[in-house]
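Remarks on the overall topology
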Amino acid sequence: MAGVLDKFKLTGKVAWITGASYGLGLAYAKAYAEAGAKVVFNDINQELVDRGLAEYKKLGIKVYGAVCDVTNEKQVEKFVSDVEKKVGPIDILVNNAGIIKRIPMTEMTLNEWNAVINVDLTGPFICSKAVIPSMIKRGGGKIINACSMMSELGRETVSAYAAAKGGLKMLTKNICSEYGQYNIQCNAIGPGYIATPQTAPLREIQADGSLHPFDRFIRSKTPAQRWGETEDLMGLAVFLASPASDFINGQVVYIDGGILAYIGQDPSNLDASKFAQHKDKETLKKTAAKKTAAVKKTKAAEKKPAAKSTEKKSASKKSAKK
Ligand SMILES: NC(=O)c1ccc[n+]([C@@H]2O[C@H](COP(=O)([O-])OP(=O)(O)OC[C@H]3O[C@@H](n4cnc5c(N)ncnc54)[C@H](O)[C@@H]3O)[C@@H](O)[C@H]2O)c1
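All values reported here derive from a predicted model rather than from experimental measurement.

Points about the site of the ligand
Near the ligand you find 24 residues, and of these Gly 19, Gly 23, Leu 24, Ala 97 and Gly 98 are the closest. Only helix H1 (23-34) and strand E2 (38-43) provide two or more residues apiece to the shell around the ligand. Here the shell around the ligand gets 3 residues from one element, more than from any other, and that element is H1. Taken together, the residues that form the shell around the ligand break down as 11 nonpolar, 11 polar and 2 charged.

Okay, structure coming up:
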């Protein structure tokens with residue numbers, strides 16, 4: 001009899017992760033390959049696809065990768081048909097490709113708005129539409145959408161992103177509603193703030209030993225008082241792609257260390273020394289270099305007045321003797 005852990009295996013399944021040349025997409029692909037799936041991915045141009053292919057080769061993962069813009073229905077249909085011929089029908093789709101534009105809403109052009117909505121919301125519609133008929137024919141499938149905390153929350157400068165990710169939450173529920181009867185499960189992952197090389201500068205300890213203001217803001221909002229790591233997302237990604245989640249449908253699971261459940265604390269209560277240890281090696285190196293420079297500077301500054309005060313002391317001792 002198969003044990004419970006066997007239900008998490010993806011052996012022989014074909015998993016398509018959109019926009020997976022690097023970033024979270026590549027991490028999902030790595031986890032799926034480890035769970036036994038055959039991985040296929042697309043990206044927006046050949047340079048990125050080649051970068052992805054080289055990265056997978058380094059990791060020892062056999063993949064199929066090709067150029068395909070998720071906003072272009074014809075390209076998506078061709079990609080899916082090529083994958084079916086070369087690898088096999090798609091069992092798992094991760095709508096990972098996404099973009100963000102940080103522009104105040106009143107300064108955002110309609111083209112900029114449309115670009116975000118097209119990739120983040122229309123892309124998942126086009127890609128899901130392209131795989132659902134074959135999933136129905138074969139008795140089921142899994143669709144996992146890349147939502148965000150912005151599926152629930154607003155923030156300055158991200159109107160299009162929040163609108164798209166909020167819409168993606170509802171598309172998730174609707175795919176579940178329409179196609180759940182065909183054993184298709186559509187769920188979403190909503191990552192919180194994840195520590196990646198791109199966000200490392202936001203986590204650097206400042207020259208005076210304090211937290212970066214943005215780091216302080218995030219930690220004060222997070223009950224876990226830390227950023228997420230890419231690995232924090234992988235268990236859920238495999239679970240939602242596997243038979244272990246066959247009765248879970250239309251859900252968005254947030255991996256945010258508790259941010260969405262918490263009103264946040266007064267950031268001035270945070271003790272910087274508690275967070276001086278970062279897992280990120282680059283950040284550690286930079287922080288150490290900054291600290292050494294700061295200590296040297298303080299010592300040099302201390303020496304000068306100390307010499308003066310010693311002179312003063314000895315001068316006053318002399319005058320006292322006199
Ligand atoms: N990184 C985070 O902390 C975080 C948090 C919440 C949600 N997300 C979501 O997770 C997903 C992945 O995030 P990431 O940080 O790895 O993003 P990323 O920007 O590092 O990677 C996105 C990928 O999508 C590709 N892409 C963009 N437009 C495309 C298009 N039209 N067609 C095909 N591919 C396209 C990019 O080239 C890139 O490979 C995104 O949808 C993002 O919104 C990320």
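Observations concerning the nonpolar core
Among the nonpolar cores identified, the biggest contains 62 residues, and Ala 15, Tyr 28 and Tyr 32 are the most heavily contacted of them. Looking at which element gives the most residues to this core, the answer is helix H4 (residues 110-137), with 9 residues. Once residues lying within four places of it in the same chain are set aside, the contact partners of Tyr 32 are Leu 10, Ala 15, Ala 37, Val 39, Val 238 and Ala 241.

Let's talk about the environment of Arg 203
One can find Arg 203 in the loop between strand E6 (184-191) and helix H6 (213-221). Here the alpha-carbon distance between Arg 203 and Phe 214, two residues 11 residues apart in the chain, equals 7.4 Å.

Describing unusual backbone geometry
Its identity as a non-glycine residue notwithstanding, Thr 157 has a phi of 70 degrees, on the positive side. Its location among the elements puts Thr 157 in the loop between strand E5 (141-146) and helix H5 (159-179). Here Thr 157 falls in the partly exposed class, since 15 other C-beta atoms lie within 10 Å of it.

Things to note about the packing of H4 against H5
The geometry of H4 relative to H5 is characterised by a closest axis approach of 8 Å and an angle of 15 degrees between their N-to-C directions. Judged on the interaxial angle alone, H5 and H4 are roughly parallel. Both H4 and H5 take part in a crossing whose hand is right-handed. Counting all contacts with H4, which are made through Trp 113, Val 116, Ile 117, Asp 120, Leu 121, Pro 124, Phe 125, Ser 128 and Ile 132, the residues of H5 involved are Ala 160, Tyr 161, Ala 163, Ala 164, Lys 165, Gly 167, Leu 168, Leu 171, Ile 175 and Tyr 179.

Rules of the game
- Residues numbered from 1 in each chain as written.
- Predicted model: local features only at pLDDT ≥ 70, side-chain atom pairs only at ≥ 80, totals over all residues.
- Near = placed C-beta within 6 Å.
- Helix = DSSP H or I, 4+ residues; strand = E, 2+ residues; numbered from the N terminus.
- Nonpolar A, V, L, I, M, F, W, Y, C, P; charged D, E, K, R; others polar.
- Core = buried A, V, L, I, M, F, W, Y, C linked by C-beta atoms within 7 Å.
- Buried ≥ 20, exposed ≤ 12 C-beta atoms within 10 Å, placed from the backbone.
- Contact = placed C-beta atoms within 7 Å.
- Axes fitted to C-alpha atoms, helices over the stretch in contact; angles between N-to-C directions.
- Parallel < 35°, antiparallel > 145°, perpendicular 65-115°, else oblique.
- Left-handed = near helix turned anticlockwise from the far one by under 90°.

Without other data, these values stay purely geometric and don't point to any function.
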